[in-house]
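A structural walkthrough
Listed here are the chains, written in short residue letters.
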Amino acid sequence: MNLDKAKKRIAKLVSRGFKGYPLVSIAYLGATPALATKVVISFVAEEGAEPQLQTFSAATDVRHDENIQTVIVKIIERTDAQTVNESTHVAPLTSA
């Protein structure tokens with residue numbers, strides 16, 4: 001899938017707001033706000049359920065990585081997510 005097409009599809013799903021469960025949340029992490037080197041995708045099947053996490057990393061910005069953005073779209077489609085949330089800023093990476 002083309003990078004622009006994947007980004008547009010994610011943005012469209014995010015813009016719908018809360019439509020119920022299942023819910024997919026996308027959070028970008030990086031050393032600086034300009035460079036997100038990690039993305040965490042959280043899937044919650046129903047209210048009160050424990051989230052399932054999937055993490056992807058890259059040396060470059062994951063927001064501009066066609067493969068990672070395509071995988072995010074595929075995760076949303078395969079989980080039949082009713083709600084998609086996306087962080088609007090890059091959170092700092094923490095060492096753990």
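Before reading further, recall that the structure is shown in the block above.
A short tour of the structure in this document, coming up. Quick caveat, the model's predicted, so the values are computed rather than measured.

Here the focus is unusual backbone geometry. The omega torsion of the bond from Tyr21 to Pro22 falls at 0°, within 30 degrees of zero and hence cis. One can find Pro22 in the loop between helix 1 (3-15) and strand 1 (23-30). Of note in the backbone geometry, Asp80 takes a positive phi value of approximately 55° without being a glycine. Look at Asp80 and you get exposed, because its relative accessible area is 52%.

A general tendency of soluble globular proteins is for nonpolar side chains to be buried together. Val24, Ile26, Tyr28, Val39, Ile72 and Ile76 are the most contacted members of the largest nonpolar core, which totals 18 residues. Elements that contribute at least two residues to this core include exactly helix 1, strand 1, strand 2 (38-44) and helix 2 (66-79). A total of five residues in this core trace back to one element, the largest contributor, which is helix 2. The contacts of Ile26, once residues within four sequence positions are left out, are Ile10, Val39, Val40, Ile72, Ile76, Val84, Asn85, Glu86 and Ser87.

Basis of the calculations
Residues numbered from 1 in each chain as written. Predicted model: local features only at pLDDT ≥ 70, side-chain atom pairs only at ≥ 80, totals over all residues. Heavy atoms only, no water. Helix = DSSP H or I, 4+ residues; strand = E, 2+ residues; numbered from the N terminus. Buried < 20%, exposed > 50% of the residue type's maximum accessible area, 1.4 Å probe, protein only. Core = buried A, V, L, I, M, F, W, Y, C linked by side-chain atoms within 4.5 Å. Contact = heavy atoms within 4.5 Å.

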